[in-house]
Each structure stands twice: as structure tokens, then as C-alpha cells.
Amino acid sequence: MTSPMKCLASNPTRYVQSFRLFLANSTEHQCMREFMESRLPATISSIGNGKSTINILSVGGGAGEIDLLILSKVQARYPGITINNEVIEPSVDQISKYKGRVAETSNLENVKFTWHKETANEYESRMNAEKKSKKWDFIHMIQMLYYVKDIPATIQYFHSLLETQAKLLIIVGSETSGWETLWRKFASSFSLQDLCSYVSSADIKRILDSAGLKYQVHELPSYMDITSCFVEGNDDGELLLDFLTEICDFSKTAPPELKQQVMEELRKPECSEKRDGKVLFNNNLSAIVIEP
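Everything quoted here is computed from the prediction, not taken from an experiment.

*Asks:* Before we move on, can you summarise helix α2 (residues 28–38) with the specific residues and values?
*Replies:* For α2, every residue scored as buried is listed here: E28, H29, C31, M32, F35 and M36. One side of α2 holds all its buried residues, which, seen down the axis, span an arc of 165 degrees. For α2, the exposed residues set more than 90 degrees away from the buried face come down to E34 and S38.

Rendered as C-alpha cells:
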């Protein structure tokens, strides 16, 4: 008998809904902003030395919030220099939001934006077909490696596009997070299709070590308020459960036993802590800066 469960990524509208709710209920972007404020200036301090144009590639740029913060830091370090910012993003909805955000942001006169509606794999295939291998001064892949089929090959490919002074920034869930506990336990139950897979900083470090690449890891503490997940029939809670499990309508389509196990796991200290009557899921991230 086939399972009624479907991968969340197969329903783009619900995916974007659940993702937006996740951002609203978590400190995901706050902890990234803190990293961009405190650590990014040193990371990008030499990427544009001696250059008249800085080329930046955003792989999975989403709606552009973090991209624009990154650009502001590059502009501060290299005032007045032309920046070519290319974005790979498969979601039309996210690209539209990104363009709207750019239109509302001042001080972007020296930034040229190009959007490619495609996945990382599609970009690689297109470049190979066109026999192009453009080099980049800074490439960032923020919270997107869950959606590529061959993670080591994808990292290897984009790393091969780095200029000599460049950096590759990867941000993924930390091996210290609740995601690690939840997904290591239930991955076989959650993973229905090849649309998404779980990966943490532990996996990325293994890949980089085996490839002999030099890198630094910065831990970004973060949490997500999942209190509403424990309120039966709560719409927000159901969307957050979808996001946690990557299953569309998890609450309604999961076998009762699996749902019960997941709810119990989410309450455990390995996943969450209770604070002020709220259940706060450990959403820690790792920012990994890779040398050329």
C-alpha cells in the first residue's frame, strides 16, 4: 500500500507558507545577521583586492534578505566598486520577492543583479553545455544543500569556480541542533522522494576533509518556537510540523504511530527546551567558510 504522505517540496505553495512561518517563529535570520555583522567583514576582506569588478554568486538566494546584507558588507569593504551579483533560485515566488526587495533598497547603484530561475544542478548543466566556467570572488550557499541530489559533487563544482582570493560560504544546520536528532532518527520515515535530504555540518565537514579542502566553522546559536505544534488542529502548528518533517500535511497524512513518536521526540531535551511555557526547538546553524 502506498503512503498518503507526500514530500513538502512537491507542493511549492505550502512549502513557501511553511518556510515563511518558520522564519517568523525562529531566530534563523537574526543569527545569520549577527554572523554577517561580526564575521563576514573578515571573511570578505581580500576577495576584491586589485579588482575593478567583484563577482558574487548566490546559490539558492531565496527572497534576498540575507543576500542584500552580504552585498552591504561587500560595498562597505570596497566602496564604489562594481558588483556583479548573480542569483540561482528555482522559485518564481522567491525571485519576485527578491526583485521587490531590491527595488525598495537604496545604495545599490553599483550592483548589477541577474536572476537565473533554476536549481544548482540545472545551472551546472547549463554552464557545462555552454562550455562556460565563470570564476567568482564570493559564492554562498545558504540553507540550500538539502535540495541537491549529489552534495559532494555540488560542493566540488562550485568550489572549482572560485578565484584565487575567493571564499565559498556554506550555511547548514549544525550537528548540535535538534534537526540532527530528529532527522537521524526518522530520516527513513520522512524521506519519500529525492526532492530533499537531511545534511548537517558533520556531513559537510566529512566531505570537505575527504576532498582535502581548508575551512573554518562558526557556530550560530538559534531556536524556533514550536509551541503551536502541540495544539491539536492549530494551522500554524501543522505548517511548522510540515517544515520540520518535510512532509506535506504531516499531521493529517502520517501514520498515527509515527506522528506520536515525532511529537514525543520534539519534546525531548535533545531537540527542544521549555522556557516561559514555550517549547523552543534547537535550530543551531553552522557557517562554514571554505578557502579556494
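Past the structure itself, the notes keep going.
*Asks:* Mind laying out the sheet that holds strand β2 (residues 53–59), listing which residues take part and the relevant values?
*Replies:* What the 7 strands build is an open sheet, ordered β4-β3-β2-β5-β6-β12-β7; its pairing is mixed. In this open sheet, the two edge strands, each paired with only one partner strand, are β4 (111–116) and β7 (215–220). Taking the axes of each pair of neighbouring strands and ignoring which way they run, one obtains an average angle of 15 degrees across the sheet. Bridge analysis of β2 against strand β3 (residues 82–88) gives 7 bridges, and the strand direction is parallel.

*Asks:* Account for the nonpolar core, with residues named and values stated.
*Replies:* Core analysis: the largest hydrophobic core is formed by 33 residues, its most contacted members being W179, L182, L244, F250 and L266. Among the elements that make up this core, the one with the highest residue count is helix α1 (residues 12–25) (6 residues). Here L266 is in contact with L182, I226, F230, L241, L244, C271, S272, V279 and F281, once residues within four sequence places are set aside. With 32 residues, the next largest nonpolar core counts F35, L40, I47 and I56 among its residues.

*Asks:* I'd like a description of the sheet that holds strand β10 (residues 272–275), backed by residues and values.
*Replies:* In spatial order, the strands read β8-β11-β10; together these 3 strands make up an open sheet with antiparallel pairing. Two strands bound the open sheet, and with one partner strand each, they are β8 (223–225) and β10. The mean inter-strand angle of the sheet, taken between neighbouring strand axes irrespective of direction, is 30 degrees. Judged from the 4 bridges that link them, β10 and strand β11 (residues 278–282) form a sheet pairing that is antiparallel. In the strand pairing of β11, K274 is matched with V279.

*Asks:* Can you lay out the packing of helix α6 (residues 120–129) against helix α7 (residues 151–159) for me, pointing to particular residues and giving the numbers?
*Replies:* Contact pair α6 / α7: the axes reach a minimum separation of 11 Å and the direction vectors enclose 50 degrees. For the element pair α6 / α7, the angle class is oblique. Judged by the sense of rotation from one axis to the other, the crossing of α6 with α7 is left-handed. Along the contact surface, α6 presents A120, N121, Y123, E124, M127 and N128, while α7 presents T154, Y157 and F158.

*Asks:* Break down the pattern of salt bridges for me, with residues and values.
*Replies:* Scanning all chains against the criterion turns up 21 salt bridges. Between E163 and K51 there is a salt bridge whose closest N-O contact spans 3.9 Å. One end of the pair, E163, is in strand β6 (residues 162–173); the other, K51, is in the loop between α3 (40–43) and β2, with 112 residues separating them in the sequence. Classification of E163 as partly exposed rests on a relative accessible area of 27%.

*Asks:* Go over the side chain of K259 with me, naming the residues and quoting the values.
*Replies:* Secondary-structure assignment places K259 in helix α12 (residues 256–267). When its relative accessible area of 17% is taken as the criterion, K259 is described as buried. Among the polar contacts made by the side chain of K259, one reaches the side chain of E232 at a distance of 3.3 Å. Leave out the neighbours within four places in its chain, and K259 touches E232, F250, S251 and A254.

*Asks:* Kindly report on the environment of L241, identifying the contributing residues and their values.
*Replies:* By the secondary structure assignment, L241 is in helix α10 (residues 235–245). Residue classification places L241 among the buried residues on the basis of a relative accessible area of 2%. The sequence separation of L241 and S251 amounts to 10 residues, and the corresponding C-alpha distance is 7.2 Å. Not counting chain neighbours up to four residues away, the residues in contact with L241 comprise C229, F250, S251, M263 and L266.

Rules of the game
- In this convention, every chain numbers its residues from 1, walking through the sequence in written order.
- Local features in this predicted model are restricted to residues whose pLDDT is 70 or higher, and side-chain atom pairs enter the listing and the counts only when it is 80 or higher, whereas totals over whole chains, interfaces and linings include all residues.
- Heavy atoms from the whole structure form the basis of all side-chain values; hydrogens and water molecules are not counted.
- Each residue gets one of three labels from its accessible area relative to the maximum for its type: buried under 20%, exposed over 50%, partly exposed in between, using a 1.4 Å probe on protein chains only.
- Helical segments are the DSSP runs of H or I of at least four residues, strand segments are the runs of E of at least two, and each set is numbered from the N terminus.
- When we speak of the arc, we mean the arc of directions from the helix axis to the C-beta atoms.
- A pair of strands is treated as paired once DSSP finds two or more bridges between them.
- Only the contacting stretch of a helix is used when fitting its axis, a line to C-alpha atoms as for every element, and angles between N-to-C directions run 0 to 180 degrees.
- Put simply, buried Ala, Val, Leu, Ile, Met, Phe, Trp, Tyr and Cys residues joined by side-chain atoms within 4.5 Å make one nonpolar core.
- Contact criterion: two residues are considered in contact whenever any of their non-hydrogen atoms come within 4.5 Å of each other.
- By definition in this entry, angles of less than 35 degrees are roughly parallel, angles greater than 145 are roughly antiparallel, angles of 65 to 115 are roughly perpendicular, and the rest are oblique.
- A clockwise turn of the near helix away from the far one marks a right-handed crossing, whereas an anticlockwise turn of less than a right angle marks a left-handed crossing.
- Salt-bridge detection follows one rule: a side-chain nitrogen of Lys or Arg within 4 Å of a carboxyl oxygen of Asp or Glu.
- What qualifies as a polar contact is a pair of N or O atoms within 3.5 Å, subject to a donor-acceptor requirement within protein and to the restriction that residues adjacent in sequence count only when both atoms come from side chains.

That's the geometry; what it means functionally is another story.
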